[in-house]
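The residues making up each chain are set out below.
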Amino acid sequence: DAEITQSPRHKITETGRQVTLACHQTWNHNNMFWYRQDLGHGLRLIHYSYGVHDTNKGEVSDGYSVSRSNTEDLPLTLESAASSQTSVYFCASSKTTQETQYFGPGTRLLVL
Amino acid sequence: SQQGEEDPQALSIQEGENATMNCSYKTSINNLQWYRQNSGRGLVHLILIRSNEREKHSGRLRVTLDTSKKSSSLLITASRAADTASYFCAPSLVRAQKLVFGQGTRLTINP
């Protein structure tokens, strides 16, 4: 069955370190998204991609980057982790921009 | 500001009762989607209602859409303990060509 996975599921890091969160989907979806979820803020869009080599900034993109070298993967990189980036991160994919998004299980990141 | 705003933020009811959650948005939409999130898990899609539809059913779920009022509601009938979760609406904005999630409604079903 097609699925979307994230790794690691839990990560503890120190401020200033570079961290990469992986997202892999086997739906063959063009669109992929990264969100962060914090209490009181709901889900906020970090970056998204509509296809290979396409990346776009979301509403909270500062301090994050993504690259899309193939259809299946959209890794999220925190260039220099900050305590404010402690959060739960969700990856999602969809066939088109208007259709259902399928979410991964999430990555809990703690920046000390 | 958030486009999909749910109301109430939290709702607690007895098992067997109906639960109604509301969602408001600000600009034109292609469709509006509802998702559920169980504690510690990813979001799961429940139902999608297109801008030219007024009502849609799926099992115990009933969604309505009023584009003139820019609002939608999700009704869960005969609630069960397993319905305890957070529920999010996500308008698919015509301009933005992506979903915008609100903060969700935390639903608790008491046995």
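Look above for the structure.
Residues numbered from 1 in each chain as written. Chains lettered and ligands numbered in written order. Predicted model: local features only at pLDDT ≥ 70, side-chain atom pairs only at ≥ 80, totals over all residues. Heavy atoms only, no water.

Overall, the coordinates contain 2 disulfides over all chains when judged by the stated rule. A disulfide bridge connects C23 of chain A with C91 of chain A, and the sulfur atoms are separated by 1.8 Å. Looking down the S-S bond of the C23 of chain A and C91 of chain A bridge, the torsion is -70 degrees, so its handedness is left-handed. Here C91 of chain A lies in strand β9 (residues 87-94) and C23 of chain A lies in strand β3 (residues 19-25), a separation of 68 residues in the sequence. Each member of the pair, C23 of chain A as well as C91 of chain A, is classed as buried. Two residues, C23 of chain B and C89 of chain B, share a disulfide whose sulfurs are 2.0 Å apart. Between C23 of chain B and C89 of chain B the disulfide shows an S-S torsion of about 65 degrees. By sign, it is right-handed. Residue C23 of chain B is found in strand β3 (residues 19-24), and its partner C89 of chain B is found in strand β9 (residues 85-93); the two are separated by 66 residues along the sequence. Its relative accessible area of 2% is what places C23 of chain B among the buried residues. (Disulfide = S-S within 2.5 Å. Helix = DSSP H or I, 4+ residues; strand = E, 2+ residues; numbered from the N terminus. Buried < 20%, exposed > 50% of the residue type's maximum accessible area, 1.4 Å probe, protein only.)

To continue, consider the nonpolar core. The biggest cluster of nonpolar side chains holds 23 residues, and the ones touching the most others in it are L32, W34, L74, I76, Y87 and L107 of chain B. Within the residue set of this core, elements represented by two or more residues are β3, β4 (29-37), β5 (43-50), β7 (61-66), β8 (71-76), β9 and β10 (105-110) of chain B. Looking at which element gives the most residues to this core, the answer is β9 of chain B, with 4 residues. In this structure, Y87 of chain B is in contact with E6, M21, Y35, R36, L46, L74, I76, G104, T105 and L107 of chain B, ignoring residues within four places of it in sequence. With 18 residues, the next largest nonpolar core counts V19, Y64, V66 and L78 of chain A among its residues. (Core = buried A, V, L, I, M, F, W, Y, C linked by side-chain atoms within 4.5 Å. Contact = heavy atoms within 4.5 Å.)

Worth remembering: the numbers are spatial, not functional.
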